[in-house]
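Remarks on the overall topology
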Amino acid sequence: MTAQSAGAAPPLAGKARSLTLLALTEVLALGLWFSATAVVPELEADVGLSAFQASLFTSAVQAGFVAGTLGSALLGLADRIDPRRLFAASALIAALANAGILLVDPATAAVPALRFVTGICMAGIYPVGMRIAATWARGDLGLLVGLLVGALTLGSASPHLINAIGGIEWRWVIGAASAGAVVAAVAISGAGLGPAMGKAPPFRPAAALIAWRDPALRLANIGYLGHMWELYAMWSWLALFLVSSFTAAGVQAADASGWARLVTFAAMALGGLGCVAAGAIADRIGRTAVTAGAMAISGGCALLIGFLHGAPPALVIAVCLVWGITIVADSAQFSASVAELSDRTLTGTMLTIQTSAGFLLTLFSIHLVGWLADSFGWANAFAVLAAGPAVGVWAMLRLRGRPESMRLAAGRR
């Protein structure tokens, strides 16, 4: 019995309806990832969180996601279980873990533990959502995955908008995010699986190693790692950099903080739109062309932005917006490339391995940028991020020269 026949959706669940529902459930469920991060300023004021405790609200989720994706990949869960059921179970457990924050002292170790559980469950939501989208691809895989990564990006941006607006009691934010994930867990059952859904493979833990043994997949994954080296470090530190830069340029402290949050939100939100646009373009001109081009521009911004510290705010904002668009526009195309280069029966496992490795790398780059900023200043801190796109461009151009690249974007590479 295939995953599609087990509890298959009604025949009326066509492509447009299924993908619309999938995008909505992804947004609702992925809100859990950043809900606790959004309320850290309020918790710092209410219970006196230390800087280390505050950082755990985010890093515990990242660590949990890495653990969850590794376990899922080794067990082949994304390919051996109906992805809608895996999504639903993951969203429900994550919602309960997130709601558990309301029952404990926010300053205790219980919160990072609950956030770690939430991260584990994200492994059954984010890459599994891409797996579902891939089953519907008919020459538009880049656009479909771009829509999902765009949803993730908008979810990532939302805490900065909430912080800029202010006035929302933190318990309501946590509760609303948990409720949204419960709705997602129920609603995902209405999404159908497309005709490209492969048969469930046998249990083979060693299949996860194919992601690195296969030359074309290895190059696609190296490109993704270069992208991830830059992405989350930029997302994590951009707001703080902007506060410092605006203040150095003579902006009042209160105004500098508010503008920094709004600019960070705008840069990240525009990146979400960039994901969708880049997906549509990549389906027409090729994945390696779009990824290499986007990384070249974002790497240039990484080299430049730190040296603009204290420059006129309009110039800094302009560079930040370009950086925000290009730094994530290519993200979905790495996943689309892996899906197109993989055996159909192992697509879910290959996507899970890719995201696991990428998010593991972010734990290093995020902390490295913070240390460099404190020790050597912002120019050196952000400049080191350009190494990731440089390696990524090399990998994708190497992939473009391989015969397997003709499987990308219907031969457009």
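If you're wondering where the values come from, they're calculated on a predicted model, not measured in any experiment. (Residues numbered from 1 in each chain as written. Predicted model: local features only at pLDDT ≥ 70, side-chain atom pairs only at ≥ 80, totals over all residues. Heavy atoms only, no water.)

Along the chain, the position of proline 403 falls in the segment after α18 (387-400). According to the relative accessible area criterion, proline 403 is exposed, its value standing at 65%. Once the C-alpha coordinates of proline 403 and alanine 216 are considered, the two residues, 187 residues apart in sequence, prove to be 9.0 Å apart. (Helix = DSSP H or I, 4+ residues; strand = E, 2+ residues; numbered from the N terminus. Buried < 20%, exposed > 50% of the residue type's maximum accessible area, 1.4 Å probe, protein only.)

Time to look at empty space enclosed by the protein. Tallied over the entire structure, the rule returns two cavities of 30 Å³ or more. Quantified by volume, the second largest cavity comes out at close to 50 Å³. What lines the second largest cavity is simply Tyr126, Val149, Leu152, Tyr224, Met228, Leu231, Tyr232, Trp235, Val328, Ser331 and Phe359. Those elements that provide at least two residues to the lining of the second largest cavity are α8 (141-165) and α11 (215-248). Residue contributions to the lining of the second largest cavity peak at five residues, all from α11. (1 Å grid on protein atoms, 1.4 Å probe; cavity = no way out; pocket = protein on both sides within 12 Å on 5 of 7 lines; lining within 4 Å. Points joined across faces, edges and corners; volume = space filled by probe spheres on them.)

This next bit is on the packing of aromatic side chains. If you walk through the whole model with that rule in mind, you get 10 aromatic pairs. Between phenylalanine 241 and tryptophan 378, the ring centres sit 5.5 Å apart and the planes meet at 70°, which makes this aromatic pair edge-to-face. Here tryptophan 378 lies in helix α17 (residues 378-383) and phenylalanine 241 lies in helix α11, a separation of 137 residues in the sequence. We note that phenylalanine 241, like tryptophan 378, is buried. Through a chain of ring-to-ring contacts, the aromatic side chains of Phe65, Tyr126, Tyr232, Trp235 and Phe359 assemble into a single cluster. (Phe/Tyr/Trp six-rings, centres within 6.5 Å; stacked < 30°, edge-to-face > 60°.)

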